[in-house]
Amino acid sequence: MADNIPLHPVRSIQKKNAYYHEGRHNSCCDWLANTCRRKKELKARTVWLGCPEKCEEKYPRNAIKNQKYNIFTFVPGVLYQQFKFFLNLYFLVVSCSQFVPALKIGYLYTYWAPLGFVLAVTMVREAVDEYRRYTRDKEMNSQMYSKLTVRGKVQMKSSDIQVGDLIIVEKNQRIPADMIFLRTSEKNGSCFIRTDQLDGETDWKLKIAVGCTQRLPALGDLFSINSYVYAQRPQQDIHSFEGTFTREDSDPPVHESLSIENTLWASTIVASGTVIGVVIYTGKETRSVLNTSNPKNKVGLLDLELNSLTKALFVALVVLSVVMVALQGFAGPWYRYLFRFILLFSYIIPISLRVNLDMGKAAYGWMIMKDENIPGTVVRTSTIPEELGRLVYLLTDKTGTLTQNEMVFKRLHLGTVSYGTDTMDEIQSHIVQSYVQVTGQPAGSSSSSTPSRKPQPPPPKVRRSVSSRIHEAVKAIALCHNVTPVYESRAGVTGETEYAEADQDFSDENRTYQASSPDEVALVQWTESVGLTLVNRDLTSMQLKTPGGQILTFYILQIFPFTSESKRMGIIVREEATGDITFYMKGADVAMSSIVQYNDWLEEECGNMAREGLRTLVVAKKALSEEQYQDFENRYNQAKLSIHDRALKVAAVVESLEREMELLCLTGVEDQLQADVRPTLELLRNAGIKIWMLTGDKLETATCIAKSSHLVSRNQDIHIFRPVSNRSEAHLELNAFRRKHDCALVISGDSLEVCLKYYEHEFVELACQCPAVVCCRCSPTQKAQIVKLLQQLTGKRTCAIGDGGNDVSMIQAADCGIGIEGKEGKQASLAADFSITQFKHIGRLLMVHGRNSYKRSAALGQFVMHRGLIISTMQAVFSSVFYFASVPLYQGFLMVGYATIYTMFPVFSLVLDQDVKPETALLYPELYKDLTKGRSLSFKTFLIWVLISIYQGGILMYGALLLFESEFVHVVAISFTALILTELLMVALTIRTWHWLMVVGEFLSLGCYVASLAFLNEYFGIGRVSFGAFLDVAFITTLTFLWKVSAITVVSCLPLYILKYLKRKFSPPSYSKLTS
């Protein structure tokens, strides 16, 4: 019956859920769609230890998959992504129409060649990206792990692990799937794991092995017992788990409840010892995969803007064709003529736009990677470099992105005297001195500085000497913590071998400290540096080594661990030598100020340290007599046994001790920032970018880093959003926040959840007015949710930057994701669109490369459109002069040549143009603000280009017709030559800063054209409707030809040059004021 008990409630929940799901599909279509799309329902499961074959269900493979396509979906997928753009779809239709004889206008290749080229380029690019993802996944999936079987250990790949396998994970190895922790090589049956890839918290987490399996004498006994784990269904929440462990063959059967501390989630890393676990969730069902979103195909804002412009052009095209047919008087099969006109004018919409832009994007990516000032930068998504120039919100992670996550002890304050990094040697000499004085007596008994013969407590209220106060403070810091020293054995033997006990060499070089938080390690390392070293610790005692080499032993009587509610930790120790019992306590100043005896300096000094960006801890102590302690212990044990309100009663008992404690000192630890974080953040702020910090860390830490990194400037207020849990509280808090002006907002994940649930718009609107926002205790999914919210409600471009696995979903959701290759591994940098090596590089990436990419693409896009518009205008003039005949002006090769050989190089050389020198762009970040308004490419600028095109096209064609010689062929020759010259001059007009390649491009194109005039004369113009030969060389070489072409070209270009000069004179753009 045993295994039925835990199952009932779950079954009923599933039924409810199924009913709820059915209620949602109200129409057949919905039902059909849901049936086709139905995800496999995630179920609770019973897993037998070491028997994967006993599983009733089929569970997913344990393979990591980041690819977007597979072999079958690749071609359809890429084609869909391409033809989603109106431009390409239009071209497909036009190209297909050429197979219909009645509509055939020129050669097939004039339409199919450009289209084929575009698709080929895209396919190759996607295939390369896809292959890179595949190789990365393969590397992760083929990591080797040892699996425990009846016959011993077997090596297997990470992707072959199944539910129910027993897997051995060594120290510093990644955990391959979600497991229940059964056994460890550590004596105390627990181990530390690093979870920064999962939730971004840098504290090590203590995990506890299941008691029943940890107590088994040897590893192989795991197979001799008959036991199973019951686990709830897979879900997103990484901080909770419910399950049971049952051993059936013992009498009576053993039941143990399993909670979050018995689990080892995938993607975490074992920090101590070797662990053995049974796999409960694999592949798609692991917590880390459930918390990452599918990567979406990112499309830049510029591409969307160009897409809407092409739609406008299409409308113009149809209108123009209808006008032409109408002027014909709808005679004959007019709809056929209409279609032919649409085809003739189809050059209005330039197919080469996509090719040019894609090649441009590739060029920008290459430039970014080649930039010596930001070494190691990788562009992983080559389609969105222009986004870097349009960002308004930057969402950054804290740990490892802004900070290095290395703690350094900076300051010890005793109330009357403060020690900094430069005066630590004084502390050291005091410690040495105080231990030299007491060597005659039982160690450490005297806390007075006079060497008295027998241990006697000092008179209570007399001011003690600085030396003894330092000694007390250092001793308190060395004892009040949760740190364990670990010795790496020299022989390097690992596994289940126990380390040599007691008298192993406590030599300094192979000692490392393990603790759940890096702050604690920093404190203990500091006490070691001033002479008091923690050399050994187990569950009941701790040993310190004095500067003289003496070992002091302290028995641990009670430990009150740190919790986010209490914000403090305490420990009661008894010194072996003297039998003195002392209660030490350390914690945040908020929690401790009411506990310690009255003093006038604590609050002020805490404020001073916080302003320097130090994390502060207040350390206090209280001496207890034997009777006091016995009384406390009895009450404490009674409280721990109570069934109702256990936590409250225990807290009340502990609080009875926390009164009138003696304040020893205040410590300041610094979390070192990454290089140049402050100037970079300032640069971004001046550029008008709003910075939000989203972190999984504690509120105090987050606020502290926000101050020290100058995310919040010195004189700004910080509004800390009080924890809210329901609608009315959220309403009140939002109102309180609305009254404040120009202050930074700090809010925790839970309160944020509540605010977004009820007051989404109001909250985002208020938060967007803040100069800086800090969200602490954010889960990975929450980070992504905030990004999506900002995108939807503000419509502005967002950028996310992070370095850990917990930032991946945020990076994928943002318009532009930047990953930093950090200590926390490469997961974020692999999922990102751009990967950088240091946070400070982001300044140059946005200010210089973002600016250039956007400006250049805008110029390039509009120019390519102008190129198509001019020729369509000429075609329209030509047709209207010749009785609205739907006859092409230029034959096949001329048209293809026009878009490629003759004007390709100069137009594409716009990619090298820059309006501002990189130094200026970095010196005046305010220039970036103009870009976010999107003025480089808008309907206004587009209309200006349209007018220019119509003016020039009209002049060129009418000019050629006016100067019409004896034969028609000269019209084609004159107008086409003038057209090429006009294009080359227009490129020169658009360029802001010349580059030698641009000059080469201009002359190369001109050379090509002249050469083709000379050599290809009989190849050209042999169209279906040919007006005589295309050229006669005799005519080209005459002066009349030259002056006519020059005259037309001058008339079409000179006015624009004059206008440009006047504009620069009377309303110069902001950057030209800086460069002059």
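Just so you know, these numbers come straight off a predicted model, no measurement behind them. (Residues numbered from 1 in each chain as written. Predicted model: local features only at pLDDT ≥ 70, side-chain atom pairs only at ≥ 80, totals over all residues. Heavy atoms only, no water.)

### Some words on the overall build of the chain
Regarding its fold elements, the chain presents 37 helices and 33 strands. Expressed as a percentage of the 1076 residues in the chain, the buried residues total 53%. Taking the contacts inside the chain whose residues are at least 6 apart along the sequence as the reference set, 74% of them involve residues at least 24 apart. Accessible surface computed for the chain: about 48600 Å², of which carbon and sulfur atoms make up 59%. (Helix = DSSP H or I, 4+ residues; strand = E, 2+ residues; numbered from the N terminus. Buried < 20%, exposed > 50% of the residue type's maximum accessible area, 1.4 Å probe, protein only. Contact = heavy atoms within 4.5 Å. Areas by Shrake-Rupley, 256 points an atom, 1.4 Å probe, with all protein chains shown as cover.)

### Some words on a nonpolar patch on the surface
Together, L985, V1050, L1054, Y1057, I1058, Y1061, L1062 and F1066 make up an exposed nonpolar region whose accessible area comes to about 800 Å². For the nonpolar patch, the leading source of residues is helix α36 (residues 1039-1066), giving seven residues. The topology assignment puts L1062 in helix α36. (Patch = residues over 30% accessible without salt bridge, like charges linked within 9 Å, V, L, I, M, F, W, Y side chains within 5 Å. Salt bridge = Lys/Arg side-chain N within 4 Å of Asp/Glu carboxyl O.)

### Some thoughts on the sheet that holds strand β3 (residues 152-157)
What the six strands build is an open sheet, ordered β3-β2-β4-β13-β5-β11; its pairing is antiparallel. Since the sheet does not close on itself, it has two edges, and those belong to β3 and β11 (263-264), each with one partner. Note: strand β5 (residues 178-184) against strand β13 (residues 275-281), six bridges, orientation antiparallel. Note on β13: the bridge partner recorded for M179 is V279. (Pairing = 2+ DSSP bridges.)

### A few points about helix α12 (residues 424-437)
Between the first and last C-alpha of α12 there are 20 Å, a value that for 14 residues agrees with the 20 Å anticipated at 1.5 Å per step. Among the structural elements, β16 (403-413), β17 (418-419), α13 (466-479), α14 (518-529) and β22 (551-560) are those in contact with the buried residues of α12. (Expected span 1.5 Å × (residues − 1).)

### As for the sheet that holds strand β7 (residues 204-208)
Strands sit in the order β7-β6-β12 across an open sheet of three strands; the sheet is antiparallel. Looking at which strands have only one partner, the edges of the open sheet turn out to be β7 and β12 (269-270). Relative to β7, strand β6 (residues 190-194) runs antiparallel, the two sharing five bridges. Bridging across to β7, F192 finds its partner in L206.

### A look at the environment of T73
Here T73 shows up in the loop between β1 (45-48) and α3 (74-83). A polar side-chain atom of T73 sits 2.9 Å from the main-chain amide nitrogen of N70. (Polar contact = N/O pair within 3.5 Å; in protein donor to acceptor, adjacent residues only side chain to side chain.)

### Here's the deal with the nonpolar core
With 100 residues, the main nonpolar core has I818, F834, I842, L846 and M847 as its most contacted residues. Formed by 42 residues, the second largest nonpolar core is a distinct cluster that contains F409, I431, Y513 and L523. (Core = buried A, V, L, I, M, F, W, Y, C linked by side-chain atoms within 4.5 Å.)

### Side note on the packing of helix α22 (residues 749-758) against helix α24 (residues 780-794)
Following both chains from N to C, one finds α22 and α24 inclined at 40°, their axes separated by 12 Å at the closest point. On the basis of their axis angle, the class for α22 and α24 is oblique. As for the relative orientation of α22 and α24, their crossing is left-handed in sense. Counting all contacts with α22, which are made through G749, L752, E753 and L756, the residues of α24 involved are Q782, Q785, I786 and L789. (Axes fitted to C-alpha atoms, helices over the stretch in contact; angles between N-to-C directions. Parallel < 35°, antiparallel > 145°, perpendicular 65-115°, else oblique. Left-handed = near helix turned anticlockwise from the far one by under 90°.)

### Regarding the environment of G959
Inspection of the secondary structure assignment puts G959 in helix α32 (residues 939-962). The exposure class assigned to G959 is buried, which follows from its relative accessible area of 12%. Separated by 92 residues in sequence, G959 and V1051 have C-alpha atoms that sit 9.0 Å apart. Those residues in contact with G959, other than ones at most four positions away along the chain, are G954 and I1048.

### Considerations on the pairing of strand β20 (residues 533-537)
Among the five residues in β20, four count as buried, and that is most of the element. Linking two consecutive strands that pair antiparallel, namely β20 and strand β21 (residues 541-545), is a turn of three residues.

### What to know about the packing of aromatic side chains
The final tally for this structure, using the stated rule, is 26 aromatic pairs. Between Y90 and F91 the ring centres are 5.5 Å apart and the planes differ by 80°, which places this aromatic pair in the edge-to-face class. By relative accessible area, F91 is classed as buried at 5%. Aromatic pair Y629 and F632: ring centres 6.3 Å apart, planes at 40°, arrangement tilted. Linking Y629 with F632, this pair stays in helix α17 (residues 626-641), spanning three residues, or about one helical turn. Like F632, Y629 is buried. (Phe/Tyr/Trp six-rings, centres within 6.5 Å; stacked < 30°, edge-to-face > 60°.)

### Looking at the side chain of E983
Looking at the secondary structure, you find E983 in helix α33 (residues 969-990). One buried charged residue, E983, remains without a salt bridge, the closest side chain of opposite sign being R867 at 5.1 Å. Ignoring sequence-local partners within four residues, the contact set of E983 consists of F863, H866, R867, I870, Y898 and T903. (Lys, Arg positive; Asp, Glu negative; His and termini not counted.)

### Structural notes on the confidence of the model for the chain
With 88% of its residues at a pLDDT of 70 or more, the chain shows a mean pLDDT of 83. Here residues 29-33 scores under 50 on pLDDT; set against residues more than four positions off or in separate chains, the count is two contacts. Note that pLDDT drops below 50 for residues 1018-1030; the model gives that stretch 27 contacts with residues more than four away or on any other chain. (pLDDT = per-residue confidence, 0-100.)

### Looking at the pattern of salt bridges
Tallied over the full model, the rule gives 35 salt bridges. K933 serves as the salt-bridge partner of D930, at 4.0 Å between the closest nitrogen and oxygen. Salt bridges here are not isolated pairs; linked through shared partners, they connect D303, K361 and E386.

### A look at a positive patch on the surface
Taken together, R935, K940, K1060, K1063 and R1064 make up a surface patch of like positive charges. With three residues, the top contributor of residues to the positive patch is α36. Summarising the element assignment, K1063 is placed in helix α36. (Charge placed at Lys NZ, Arg CZ, Asp CG, Glu CD.)

### Structural notes on unusual backbone geometry
The amide bond that connects D251 to the next residue, P252, takes the cis arrangement and shows omega of -5°. Along the chain, P252 falls in the loop between β9 (243-247) and β10 (254-258). Positioned with a positive phi, D676 is a non-glycine residue whose angle comes to about 55°. Topologically, D676 is positioned in the loop between β26 (662-673) and α19 (677-686). By relative accessible area, D676 is classed as partly exposed at 42%.

### Some words on the state of the cysteines
As enumerated under the stated definition, the model contains zero disulfides in all. With no disulfide of its own, C816 lies closest to C799 among cysteine sulfurs, the gap being 4.3 Å. (Disulfide = S-S within 2.5 Å.)

### Description of helix α18 (residues 646-657)
For α18, with 12 residues, the first-to-last C-alpha span of 18 Å sits near the 16 Å given by 1.5 Å per residue. Here α18 has its buried residues at V650, V653, V654, S656 and L657. Considered in projection along α18, the buried side chains sweep an arc of 150° and stay on one side of the axis. Across from the buried face of α18, at angles greater than 90 degrees, the exposed residues are A647 and L648. Contact partners of the buried residues in α18: β22, β23 (568-575), β24 (581-587), β25 (614-624) and α17. (Arc of directions from axis to C-beta.)

### Brief notes about the packing of helix α4 (residues 86-97) against helix α5 (residues 109-141)
Relative orientation of the contacting elements α4 and α5 amounts to 145°, with a least axis distance of 9 Å. Read as a crossing pair, α4 and α5 show a hand that is left-handed. Residues N88, F91, L92, V94, S95 and C96 of α4 form the contact with α5, whose participating residues are Y111, W112 and L115. Residue classes in the contact of α4 with α5 are distributed as seven nonpolar, two polar and no charged. (Nonpolar A, V, L, I, M, F, W, Y, C, P; charged D, E, K, R; others polar.)

### Describing the environment of E387
Tracing the backbone shows E387 in the loop between β14 (378-379) and β15 (391-396). The class of E387 is buried, set by a relative accessible area of 2%. Setting aside its immediate chain neighbours within four residues, E387 contacts G300, L301, L302, R797, D815 and C816. At a separation of 2.8 Å, a polar atom in the side chain of E387 contacts the main-chain amide nitrogen of L301. Among the polar contacts made by the side chain of E387, one reaches the side chain of R797 at a distance of 2.9 Å.

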